[in-house]
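Secondary and tertiary structure notes
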Amino acid sequence: MDGAAAPTVTRVVLVRPWTDGRAGGGCCGGEVRDGVCRDGTHPVEELLADPVGQAWRAVRRELPDADVQVVDVANTAYLLPTTFRAVRRRSGERAGVLASLRAAARATTAGSVLVDGQWVGDVAELGPDGVLAAVRRARAAVNT
Amino acid sequence: MPAIVIAAVCGVLFFAGYKWYSAYLQKSVYGVDPAFVTPAHQYADGVDFVPTNKHVVFGHHFTSVAGAAPIVGPAIAVFWGWGPALVWIVVGTIFAAGVHDMGSLAVSVRHGAKNIGTIAHDVISTRARTLFLLIIFFLLTLVNAVFAVVIGNLFVANPGAVIPIVVEIPLAIFIGQYIYRTKSAALVPSLIGVVGLYLLIWVGQKVPIELTGLADAIGVEPRNVWVVLLFAYTFVAARLPVWLLLQPRDYINSHQLFIALAVIGLGMLVGWNTVVAPAVNDVPDGSPSMFPFLFITIACGAISGFHSLVSSGTTAKQIDKEQDVRHVGYLGAVGEGSLAVGAVLAATAGVAATRADWDELYPDFATASGGAVGNFVNGVGEFATNLGIPLDLAVIFAAVVVISFAATTMDTGVRLQRYIVQEIAEIAGWTRLARNLTLASIIAVVVPLAMAMLPGGGEAGYTFGVLWQLFGTTNQLTAGLALAVVAVWVTQRRRNPISVLIPLVFLLAMTAWALVVNLKNFVEADQWVLAPLDLIIFVLAIWLVVEAALALRKSWGSGAPGVGGTPSDDSGTAREPDYSDRT
């Protein structure tokens, strides 16, 4: 141990818009082609063009110790409490309840990039490199 | 006995089931390996396959499986008394639904996150996939039929609910578009949508919509006019992109789920309502017997085959660590069981103040089944009055919640049925049907519409309860198929499958027994639509028994290991995503 504080594992949350919804759940969790339910995944070209997927792969590749989660915008039961707690924790409980609630509500914006609860930008606007840079900046700010 | 005490006891039992039985399943039956590389890692792409925190996956999974079905079945089944209904819900959730939901998720994770139909093809036989598709076809037909009847009955009984439900459609589209186009946070607009929806309850109360005049003019029951209008709506809605209507409305409904649960729990606590129904009801002669009919009347809430479709569809692709199947699968079953407990308590403690009042609501099976959803709605309304909400508004509120869930289930059901029709057509070589979206949609709508129009007020010779039992039967058969797949897989891995085989055998025995009794009744009553339908489902059940027995016999003989991935090494290199070097 060198006495320095161990770097905290950053949690990056990418909020997937529901307009990205593809096939339904259940037996049709896979590809729907020509209206027919098929087992499998999306074509590689489609996967590679997906903005959330691009950002997810970039952060995973460059920051392997970061905890990267893709969360559906409708998953309020996860987004609200975890963002609220993350904001409070990051501020050392100094963030007020109202400010933390506002941050939690903002986390339900489609395309949000959240770093330990802090909103740092929009996936589509930033692009994969921009998301990576924003995550790095947010981490650096926390570690300093 | 106070309803809140029963709810607390059920909660403790569910907790014990999760704490100990799911741990046993994880360690000794499914052999969960923390080092196993899940498909979410093996095929990680950030789109379909994404390793995801177990709490995130649980949120997705639970909101996908929770719906109106665990409300309807228990509200009918209290006809036999609240004791048997609760025992089946609690025992079924702990020893059948938990095993089924967790098992189908585990087996899917070990098979590249394929769906249960494809795994049935791989693990049991090539015929099993056709069997799966046929069972799902009948399941979706009956789902759509029963929920159309449920909504029709609720609209007739609660004309004040029509305006809120109808306006919810453009409201959801508007909110979805607003959030999408303005890139604003989804929470506040959707909460405003919920508030707007509840304000419309007041409008609906002032301007109730009844179709009695139209129904009288064309000589049909008002319920059937609603049923036709509902299927006309779903025909159009199923053609819309999911993001335009289905997903924003699901989002609004997810808030309603939590609001309704809070109203039920707090209402019971504040009002300290006591259960007035008998623990075991002395049912009139000629009623369906508790064995086997209780066990198919309560399907969702005790065990639901539909969960295996969700588990093996989208959920399995997101499982980060194999041990997360316990949290996501087993707790998903517990969540559904909790909804069913709430339904039992609303229909036994909320809906009536005295035993005599309750007896009037449940005098015979036909009345009990026809009025079950209404009894739940009135029960929740009564709980809400404990919180200071006027009864007439509270009842419309409860009706709006149930109709919202049922309508979403119908939307999804018709959409899925369209896919299934096309897939069956493709297997059968009917290319024109397989490629014709409109034709497939028409079949997906017309078949359940015909089923929904059949239940009458007595003259048609059978009741909504019978239709519901047929739905329960197909749901249990779907669960049976998933359990058979899980049992074969567990046996192949040289583990003891007894905890899977017991619910499998029990379910198939109850299902077959009920089908035989009903077949006899239908033939004697000259019900020549229901009798062939019952016979077809019975043949599917026998087919399933034969396929499962053959596959189990083969797997006992061979003991071949199941298909799976490779464990990661300590450095975690095996967990690198396939697409990590591509942007």
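This text goes with the structure placed above it.
Fair warning: this is a prediction, and the values are worked out from it, not measured in the lab.

Counting its secondary structure elements, chain A contains 5 helices and 6 strands. What you see in chain A, going N to C, is helices and strands ordered as β-β-β-α-α-β-α-α-β-β-α. Per-residue burial over chain A gives 51% buried out of 144 residues. For chain A, the share of sequence-separated contacts (at least 6 apart) that also reach a separation of at least 24 residues comes to 61%. Element-wise, carbon and sulfur atoms account for 55% of the exposed surface of chain A, whose accessible area totals about 6500 Å².

Attention now goes to the pattern of salt bridges. Applying the stated criterion across every chain yields a total of 15 salt bridges over all chains. Measuring nitrogen to oxygen at the nearest pair gives 2.8 Å for the salt bridge that ties R11(A) to D67(A). Within this pair, whereas R11(A) is found in strand β1 (residues 11-16), its partner D67(A) is found in strand β4 (residues 67-72), the two being separated by 56 residues in sequence. With relative accessibility at 21%, the residue D67(A) sits in the partly exposed group. Note that D320(B) is salt-bridged to K321(B), the shortest N-O span being 3.3 Å. D320(B) sits in the buried class, given a relative accessible area of 14%.

With that out of the way, let us pick up the packing of aromatic side chains. Residues and elements named next belong to chain B. Across all of its chains, the model carries 21 aromatic pairs over all chains by this definition. Each ring, one from F174 and one from Y178, has its centre 6.4 Å from the other, and the planes form 25°; the classification is stacked. Here F174 and its partner Y178 are both found in helix α8 (residues 162-182), 4 residues apart, which amounts to about one turn of the helix. Judged by its relative accessible area of 39%, Y178 falls in the partly exposed class. Its end group placed over the ring of F36, R110 keeps NZ or CZ at 3.9 Å from the ring centre. Over the face of the ring belonging to Y18 we find R326, whose NZ or CZ atom lies 4.8 Å from the ring centre.

As a general point, the strands of a sheet are linked pairwise by backbone hydrogen bonds and lie either parallel or antiparallel. All names here are of chain A. Read from one edge to the other, the open sheet built from 4 strands follows the order β4-β1-β5-β6, with strand pairing classed as mixed. Every other strand in the sheet has two partners, leaving β4 and β6 (118-122) as the edge strands with one partner each. In this sheet, neighbouring strand axes are inclined to one another by 25° on average, regardless of whether the strands run parallel or antiparallel. Summarising the sheet, β1 and β4 pair through 6 bridges and their orientation is parallel. Across the sheet, the residue bridging to V12 is V68, located in β4.

Procedures and definitions
Residues numbered from 1 in each chain as written. Chains lettered and ligands numbered in written order. Predicted model: local features only at pLDDT ≥ 70, side-chain atom pairs only at ≥ 80, totals over all residues. Heavy atoms only, no water. Helix = DSSP H or I, 4+ residues; strand = E, 2+ residues; numbered from the N terminus. Buried < 20%, exposed > 50% of the residue type's maximum accessible area, 1.4 Å probe, protein only. Contact = heavy atoms within 4.5 Å. Areas by Shrake-Rupley, 256 points an atom, 1.4 Å probe, with all protein chains shown as cover. Salt bridge = Lys/Arg side-chain N within 4 Å of Asp/Glu carboxyl O. Phe/Tyr/Trp six-rings, centres within 6.5 Å; stacked < 30°, edge-to-face > 60°. Lys NZ or Arg CZ within 6 Å of the ring centre and 35° of its normal. Pairing = 2+ DSSP bridges. Axes fitted to C-alpha atoms, helices over the stretch in contact; angles between N-to-C directions.

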